[in-house]
Each structure stands twice: as structure tokens, then as C-alpha cells.
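These are the residues of each chain, in order.
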Amino acid sequence: MNALFIFQRWTRRRFILTQSTFYLYFLLASLYCCCCCNAFLMTPSALTSPTTTTTSSSSVELLVTRRNYIKKAEPTTSHDSSPPSSSCSSYNNNNNNSNNHNNMTRRKAFSEMTAAATLLSFSTAISPASGMTTTGQASQSFVCNQTPTSTLEDIYIGKGEWLPKNLNPRSQASSNANANASMMERSILPPNFATYATRFLICYDEGFQNWWKEVECKYSLLSPREQRNNLGKSFGSLARSIQLSLEGYILDGINSGGGSVGNNVTTLIQQRYENLLMKFVECYAIPESTKGGRVQSNARSRGEDAMRQLGLLFATLPKEYQPIRGLKEITTAAAAAAAADDNWKDKKSFSKETWMENFTQDFSQLLPYQYTSNYDTQLDCYVIQPTLSLYEIGVNDEFGQNAIATAFGPLSCLPLQRQNPNISPNIYLLLGINGALACALTHSLVIPFDVVKTRMQTDPEGYSNILEGTMSIAKSEGMQGFTLGAEATIAGYFWYGLSVYPSYSFFKWYIGHSLLSPAFATSHADGIALVAGAIAAVIASVGLTPLEACRIRTVAEPQVYRDIGLAGTMKVMAEENEAVGWKALYAGLPSLMIRQVIFGSVKFLAFERACEAFFITWPFLKDTMVTALGVTLISGALSGALSSVVSQPADSVLTYVAKNKRGDDDESLGILSIVSMMIEREGAGSLFRGLGSRCIWASAIISGQFLLYDIFRTALGINSDDLSQFFQFAIGQQS
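Along every chain, residues carry numbers that run from 1 in the direction the sequence is written. In keeping with the predicted nature of the model, local features appear solely for residues at pLDDT of at least 70, side-chain atom pairs appear and are counted solely at 80 or more, and the whole-chain, interface and lining totals rest on all residues. The basis for every side-chain value is the complete set of non-hydrogen atoms in the structure, without hydrogens or water.

**Q** Please set out the packing of aromatic side chains residue by residue, giving values where relevant.
**A** Aromatic rings from Phe, Tyr and Trp, taking only the six-membered ring of Trp, are treated as a pair when their centres fall within 6.5 Å; an angle between ring planes under 30 degrees marks them as stacked, one over 60 as edge-to-face, and anything in between as tilted. Applying the stated criterion across every chain yields a total of 31 aromatic pairs. Plain terms: the ring middles of Phe359 and Phe408 are 6.3 Å apart, the flat faces sit at 80° to each other, and that makes the pair edge-to-face. In this pair, Phe359 sits in helix α16 (residues 352-361) while Phe408 sits in the loop between β7 (401-406) and β8 (409-412), placing the two residues 49 residues apart along the sequence. Residue Phe359 shares its accessibility class with Phe408, and that shared class is buried. Centroid distance Phe506 to Phe507: 5.1 Å. Interplanar angle 75°. Geometry classified as edge-to-face. Between buried and exposed lies partly exposed: a residue is buried under 20% and exposed over 50% of the maximum accessible area for its type, with that area taken using a 1.4 Å probe on protein chains only. Phe506 gets classed as partly exposed once you look at its relative accessible area, which sits at 32%. Put simply, the rings of Phe193, Phe200, Tyr204, Tyr273, Phe280, Tyr284, Phe314 and Tyr321 pair up and form one aromatic cluster. Positioned above the aromatic ring of Tyr249 is the side chain of Arg272, whose terminal nitrogen or guanidinium carbon lies 4.0 Å from the ring centre. Each helix corresponds to a stretch of at least 4 residues labelled H or I by DSSP, and each strand to a stretch of at least 2 residues labelled E; elements are numbered beginning at the N terminus. The rule for a charge over a ring is simple: NZ of Lys or CZ of Arg within 6 Å of the ring centre, and within 35 degrees of the ring normal.

Have a look at this one:
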């Protein structure tokens, strides 16, 4: 049993602790990376510590063991079954033993802190328990981490497929945001039929049933309101896929002449519904029938009640479409099953009010035994009795998207979709090229702002504000002064975009789908985005640091470095101290990495949440590319400004290091020492010097980055829709 689900109630009471330890690990891991780089560059002896490798290996081994525990859901060793406190205690004992070594380094210290934070974070979220499910009740037949025996690709009614948008014409026609409720209402397959058919398939088809249980597990750690919204959205999307698939079956028969010549369209549609009813009866109402040599489980063995449910389902059709002959054949069997419903054996306990409340909240429930389909001689069609209001109301904001509210649940305008799980390396390469072009172009446009910002940080007495700094540079150096460091800027941020965008996409997917359970990943989506952004920023910082150092030197001292170019500047900085050599180019790596980790992670998270807020509040903004790109532009500006505020102290430290750290400095100062020195010499305000210009700078470049990135992705056919797959099935075709 998956330990991330069995302690759900405990998690709800201690949600703040779990989330806090998750973010604590993220922050300590960031500091660990920076201090490792600082130790590598400035204290070479730290690299030869005999205990560092052992400690890192043991912590990694411990994490791998715990990850295996999550996947296998059973204690394979005594260590796995121990409480979280004992795990941490055992590790602390190893810590105490390692303290006997006299040459403890910063790298080792932060390594142990990171490992401890890792154990604390995951131990509080993986406490093993037995015999309890996500609701705290006795264990049921389905466990969230079990591999289902049937999936959506393996259903009884037909062959399920996940197809890309360009290979799925039905989904492509309905996947646009402007697909409104009126289009779904005009379908020859009514919305109430689609939503009740979805409930029926969830109850009687193991493929749909297992998928729905996985969805419930996925959202089990969310708040009740978020659970309801996400379950409703998933149900509505599945109902839309079912509506499109069943409608395709009806239309295929009409287009292929599925009736005698001279029959009108209504008669052909009715004949196709007759065939569809027989398909449902064959698959779900005859216990002895098999599919591919397999006998269905208990979901299919309730054949008699399935007859009654199918009678109710096809009674929701308009009079002219109802398969009268087929409905008459199953009426007797449906009547016999009216008193034998497994879920409603105690007839005296039935309460319509209680049932209706449960029915609207649980999309896997069907109509109870009191409801039957009977032939009405006056209307000359089958109706549901007692009378049930089969309302169909179009709404624009149901669960954040266009939908139809029906008596049996929502029907979305968008079919069920997922991200392609097998994205090729070529896609990531294209994402990197898109990011490289977007970052290089936008940063080249704001180089003048960057020059003014850097001058304000390196010479605060001569440049007190943006306007005065701009006028001073224009007067003393002319327009050429605003292009200082352009070569290093373009090269540095070309690499930045090339590495950070595909890295963020990959690690966000990998962490959420491979390292964590679906429920934990869903409830900690913000944390995963922060960690993925931080990892991407660390990768980007490795190539950006020397180029950024050259840019700052060129802007701060143009008379020395302007004429020798980027290559010359790098050569001069590398030769300033022979003992340090090329490592001098990475003197600002710790502070730049902290700045980029904070800036990058907040940038991606803030952008995504801002876009979601805009589209949920005003769904019509998705209708056209112009309005969608407008949302991208505004969200990018907001995320850039927010990222600048939270990362400004690190940016000030980076500038201070690049300006003052020379080859003749024998003493290696850490980040905290530099911060303390800046505050002591220039006051706490020095950490936020140039914040105004940097906010303008960041808002401009980040909005431009995301705008160009979306434009390039759309042009190359690798936007979110192009990388998505839509679900559909073909009736009668089985794998």
C-alpha cells in the first residue's frame, strides 16, 4: 500500500509541517550547491575529504531505499519499517561519528544538512501504516500504487487510444477553447446520454473503473473543494471523449450507408442506436461473454442490473432516436433486476434527499433500483420513472472551462487529454533553441537598462537613480556606452535559454511522474515547480557565471575591457592570479547560483500561476491567439517583477563580488561574509540597491522571453496542445 496515501488524515492535520519541510529541503539544497561550488573553487583541499563521498553515498542509498519502499508498498528491510524519528536518529549517529574528523569542510557540512533535510522531508511524508486507505477505512481491493489490470487502452466496448491532436480530427475539432455549449448541445448524442454513459462505463468497465480510481487517488490529498473541482473537470473531459467516440460510431454508420436506400437520416441514426445498444448489452450485460479470451470480473457479472441501467441510459435519448425494439427486449430483465441492486438492497433505508446529495458528489454512482425505464403509451417512447429532470444548462466557468451542466454531471468542451509521456530528445532540443533565441533577443534589447543597473550597483555615489544614470552615461560616453557588455550578454543568455527551458520542462515532468506518487505530486505542484526551476537554474549558472563576470567587468571598467572584447576579458581575468587561474571566472558562482535559483524558480512558478488566474477568471482570453499572447505578456511582466524583488540581494552580492574580488585577494570570503561586509560598510540598503531599475529590466525581458518562447513554440508545432494526447475509442475494435 502506498505510504503517501495511507496517512492522509494525519497529513491534513500536519500539512504545514509537511509543506515546510519540503521547502526547507529545497532551500538547503540550493545553499548546498552554492557552497559546494565555493569549496571547489576556493578550497581545493576540500575535494579530497575522505568522508565526503561516504556520507553522500549513504544518504543517496537511504533515499533510494525509501523510494523503493514507496513503489513496492511493503517493508523490505527493518530500516524501511522504522518510524521517521528512528531514521533521522540513525543518520544523526553517523553524523556524530563523522565529527571526529578534524578537517570538516563547508561542503561536507552542507552535504550532511541537505541529507538530514531530505530525510526529514520524506520521512514525514512516508510514514508506513497498514490496513488503512486514503479515507482511513479498511483496505479495499484497489490500492493507489497498484498497477491496474486494465487501462483506458484496454476497455471492453472497443479499442482505446491516446492520439496526438493532428491525428485525432474529432478531438482537434473540439479542442479549441471557443468550443461552446451550443455546439455540444447540437450533437446527435445528447449531453445527458454522454454523462450517464460515462457513469455506466466507470461502474461496469474495468478500464474506465481503474482510471477513475487512479484519478480519485491523484486528488486525494487536496482540500475537499479542490477535489470536487478536479474530479468534476476530469469527469467532464472523459464524458466529452465518450461523447465524441460514440457520436463517431453513429456518424460512421450513416456515412457508410448503414441502412437501406431511401431511409432518412433519423431512421439511420435510430438504427445505429439499436446497434449501439446491442454492443453495450454484449459487452456488459451478458456475464458469459468474453473479450479476448478473458471473462470480466464482478463489474461485468451484474448482468441483470446492467440491463436496467442500459434501459435508463437509452431512455435519455430523444423520442425519434430511441431504439424501441432493443429497449423492449431488455425491459423484462430490467424489471427483474429492480429489486436486486447491490448498492440498494435495503429499500426501507432509501432517502431521496440523501441519495441525491451523494449522487451529485460521487460520479461513480448510478440511479438506484427505484428508477426504471417504462414505455409511455401517450408519448410513444420510453421514459424514466419516477420522473427525473434531465436538464442541460450551458455554463462558461464550470470547473474553469466551458461545459454543460447535466443531471448526471458536467460535460466539458475539451476531451480527455494528457501530456505525451514519450517526448523525444528532439523536442527538448527545439525547446532549448526556442529558449535560447527568446532569451538572447530580449536581453539584447534591454542591454541599456542592464548597463544603468550595473553602474548604480558598482558606483552608487555617481549614479543615484535611473534617470541621472542614463543622462550621465549618455553625456560622458555617448550611445556607445549603452552597449557595454553586449557580447557577453548575448552569449551568456543564449546559453541560459538553451539550458534552462528544456531542463525545467524535463525535471518538472520527471519529479512529478517518476520520483513522487501522483497524489503527492498533485498536492505539492508548487513545490515541484520550484525545485524544477532551481535545478534548471543551477545547470544554467555553470555556463552563465564566467560570461556574467566579464559583462560586469566591462560595464564597470570600460576603459580597460571594452577594446579587448569578450575573449580578451576572460583571458585577463583568468591570468590575474596564477594560483587560482580560470577558477577566478567562477568567483561569483555561489552568489549568481543563489540569485538564479531564486529568480528562476519564482519566475516559472509565478508565470504559470498568473496565466492560470487570468484564464480561470476570463476564459474567453483563450479564444484567440492575440488575447492568449497578451496574457503571456502580462504574466511574464508580473513574474519578472516578483522574481526581481526576491532575488535582488543575491544580485547585489554578485555585483559586489565581481567588482571587488581580484586576483591579489588571498582570503576567500563566503557568501554570508560578503553580505555582512556589505551591510557593515554600506548599510542594509546596499542589498536592494538598483531594485527599481532591475524590476523594470526584469519585467521587460521576462515578458519578452515568454512571449517569444510561445510564438516560436507555436510556429514549430511544439506548444502544449501539440505535445498533448487526446483519448478516444473505436467501438467494436479491440486490441
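**Q** Give me empty space enclosed by the protein: which residues, what numbers.
**A** Rolling a probe over the atoms, with the probe sized like a water molecule, indicates the empty space that remains. Of the grid points, spaced at 1 Å and generated over the protein atoms alone, those admitting a 1.4 Å probe that cannot get out make up cavities, while open sets with protein on both sides within 12 Å along at least five of seven lines make up pockets; any residue with an atom within 4 Å of a point is treated as lining. Grid points are joined across faces, edges and corners, and a volume is the space filled by probe spheres set on the points. Evaluated as defined, the whole model comprises two cavities of 30 Å³ or more. What the largest cavity holds in volume is close to 70 Å³. Taken together, His443, Tyr493, Tyr496, Arg595, Gln596, Phe599, Lys603, Arg694, Trp697, Ile701, Ile702 and Gln705 form the lining of the largest cavity. With five residues, helix α28 (residues 691-716) is the single largest residue contributor to the lining of the largest cavity. Ten residues, namely Ala, Val, Leu, Ile, Met, Phe, Trp, Tyr, Cys and Pro, are considered nonpolar, four, namely Asp, Glu, Lys and Arg, are considered charged, and the remaining ones, Gly among them, are considered polar. For the lining of the largest cavity, the residue count by class is six nonpolar, three polar and three charged.

**Q** Which residues make up the sheet that holds strand β10 (residues 724-731), and what are the values?
**A** In spatial order, the strands read β1-β10-β9; together these three strands make up an open sheet with antiparallel pairing. This sheet does not close on itself; its edge strands, each paired only once, are β1 (158-164) and β9 (417-419). Pairwise comparison of adjacent strand axes, ignoring direction, gives a mean angle of 35° for this sheet. Two strands make a pair as long as DSSP finds a minimum of two bridges between them. Bridge analysis of β9 against β10 gives three bridges, and the strand direction is antiparallel. Paired with Gln419 across the strands is Ser724, a residue of β10. Axis definition: a line fit to C-alpha positions, over the contact stretch in the case of helices; interaxial angles, taken between N-to-C directions, run 0 to 180 degrees.

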